[in-house]
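Each chain, letter by letter, is given below.
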Amino acid sequence: MSLLGRILRFCWSFVVGDDWRVAAGLLAALVVTWLLQREGVSAWWCLPFAVLLLLIGSVRREARAAG
Amino acid sequence: MSSAVLLFVGAFLASAVEAVEALTIVLAVGVVRGWRSTLLGVAAATILLATAIAVLGPALGELPISTLRLVVGALLLSFGLQWLRKAILRAGGVKPLRDEGAAFAAEREAAGDATPAPSRGVDWYAFTVAFKGVLLEGLEVAFIVIGFGSTHGRLGLAAGAAAAAVVLVVAVGLIVRGPLERVPENSLKFVVGVLLASFGTFWAGEGLGVDWPGDDLAIVGLVALIGLVSLLLARGLRERWAPLRPAPEHA
């Protein structure tokens, strides 16, 4: 593997890790929070709610796959 | 005050975990291949890390604070959720616990199987393995320090916490002269995962212009909420999944 490939792989595993759905979900939550804030809605609850949902979903998926 | 304490604790514990992993690699290679080339690898990685931080660190001050908080917060959150997820799965018995003794033995065996160390000159195997180990774990420490410190204007506090953790781990490693097997690494990763996810949520929200109830005190609420849910998840896994599976082997 080339040096660039190894660097990209390191960045991917560092930022995205084993479960890409969590990273994609976080991105979606950030966009939704930004849109709500832009529309004048107080969206402080949005990110914590998304974080908990994503964490629970990811742990359950991994546990099911292992069991 | 409370956020400063949490920041110090988070940076200290996260850096200690990474330092334990780097020390395990360095000790294994040094014991088998000799110390000269191993320590040269450690020194080269340390110099490269220090140079990168010295060059990139001041550039962070040029970025708008809201952009910095959003980017660093999102990265901390993503990174923290990975740690937390693994720590929950390990605490619940779904994944085997990381064992520094086994990691040390595997690294030592690999070092022994490699081309024999030359009697003169640099042993490039020892140099490269020590260099890679310290550089990769060091990069994670640097990221954590910048993440914790820069967004709150407390880079010095976070850097001090990381330095204290590295000095403590190396000192204990020198006294014990072996891998730090008794460090409860999964418990540390659990706590650090909760802190990274909480700080990441807070700063990403700040970067997006969110008004947190209670301002900085919201971090304490996030730590409590994410910590409680994580503990309940680990307990649920232990009750539901562990009885169905054979006891995990330590690997």
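Computed from a predicted model, the values in this text were never measured in an experiment. (Residues numbered from 1 in each chain as written. Chains lettered and ligands numbered in written order. Predicted model: local features only at pLDDT ≥ 70, side-chain atom pairs only at ≥ 80, totals over all residues.)

Engineer: How would you sum up the overall build of chain A? Please name residues and give values.
Structural biologist: What chain A contains, in helices and strands, is three helices and zero strands. Counting from the amino terminus, chain A carries its helices and strands in the arrangement α-α-α. Taken over the C-alpha trace, chain A has a radius of gyration of 16 Å; the compact-globule value for 67 residues is 11 Å, which it surpasses by more than 25%. Its C-alpha atoms put chain A at 50 × 35 × 10 Å along the principal axes. A buried classification covers 25% of the 67 residues belonging to chain A. (Helix = DSSP H or I, 4+ residues; strand = E, 2+ residues; numbered from the N terminus. Rg over C-alpha atoms; globule rule 2.2 N^0.38 Å. Buried ≥ 20, exposed ≤ 12 C-beta atoms within 10 Å, placed from the backbone.)

Engineer: Could you give me a rundown of the nonpolar core, with the residues and numbers involved?
Structural biologist: In a soluble, globular protein the nonpolar side chains are often hidden away together inside. Residues and elements named next belong to chain B. With 87 residues, the main nonpolar core has Ala 11, Val 26, Ile 88, Ala 130, Val 145 and Ala 162 as its most contacted residues. Ranked by the residues each element gives to this core, the list is headed by helix α1 (residues 2-33), at 15 residues. Sequence-distant contacts of Ala 11, defined by excluding residues within four places in its chain, comprise Ile 144, Val 145, Phe 148, Ala 158, Ala 161 and Ala 162. (Core = buried A, V, L, I, M, F, W, Y, C linked by C-beta atoms within 7 Å. Contact = placed C-beta atoms within 7 Å.)

Engineer: Requested: an account of the interface of chain B and chain A, with residues and values cited.
Structural biologist: Contacts between chain B and chain A engage 31 residues on the former and 26 residues on the latter. Those elements that provide at least two residues to the side of chain B that touches chain A are α3 (65-91), α7 (185-207) and α8 (218-240) of chain B. A total of eleven residues in the side of chain B that touches chain A trace back to one element, the largest contributor, which is α3(B). Residues belonging to the side of chain B that touches chain A are distributed by class as follows: 23 nonpolar, five polar and three charged. (Nonpolar A, V, L, I, M, F, W, Y, C, P; charged D, E, K, R; others polar.)

Engineer: An account of α7(B) is requested, with residue identities and associated values reported.
Structural biologist: All names here are of chain B. Spanning 23 residues, α7 covers 32 Å between terminal C-alpha atoms, matching the ideal 33 Å at 1.5 Å per step. Burial within α7 is extensive, with 20 of its 23 residues counted as buried. Within two residues after α7, Gly 209 carries a phi angle of roughly 90°, on the positive side. (Expected span 1.5 Å × (residues − 1).)

Engineer: Explain the packing of α3(B) against α8(B) residue by residue, including any values.
Structural biologist: Residues and elements named next belong to chain B. Two elements in contact, α3 and α8, have axes whose closest approach is 8 Å; the angle formed by their N-to-C orientations is 35°. Crossing of α3 over α8 shows right-handed handedness. Every residue of α8 that contacts α3 at Leu 84, Ile 88 and Ala 91 is listed here: Ser 230, Leu 233, Ala 234 and Leu 237. Grouping the constituent residues of the contact of α3 with α8 by class yields six nonpolar, one polar and no charged. (Axes fitted to C-alpha atoms, helices over the stretch in contact; angles between N-to-C directions. Left-handed = near helix turned anticlockwise from the far one by under 90°.)

Engineer: Which residues make up unusual backbone geometry, and what are the values?
Structural biologist: All names here are of chain B. One non-glycine residue, Asp 215, adopts positive backbone phi at about 50°. Tracing the chain through its elements places Asp 215 in the loop between α7 and α8. By C-beta crowding, Asp 215 is classed as exposed, having 10 other C-beta atoms within 10 Å.

Engineer: Run through the environment of Ala159(B), naming residues and quoting values.
Structural biologist: Residues and elements named next belong to chain B. On the secondary structure map, Ala 159 appears in helix α6 (residues 155-176). Since 20 C-beta atoms lie within 10 Å of it, Ala 159 is described here as buried. The spacing of Ala 159 and Val 145 is 14 residues in sequence and 5.8 Å in space, taken between C-alpha atoms. Beyond its immediate stretch of four places on either side in the chain, Ala 159 contacts Val 145 and Gly 149.

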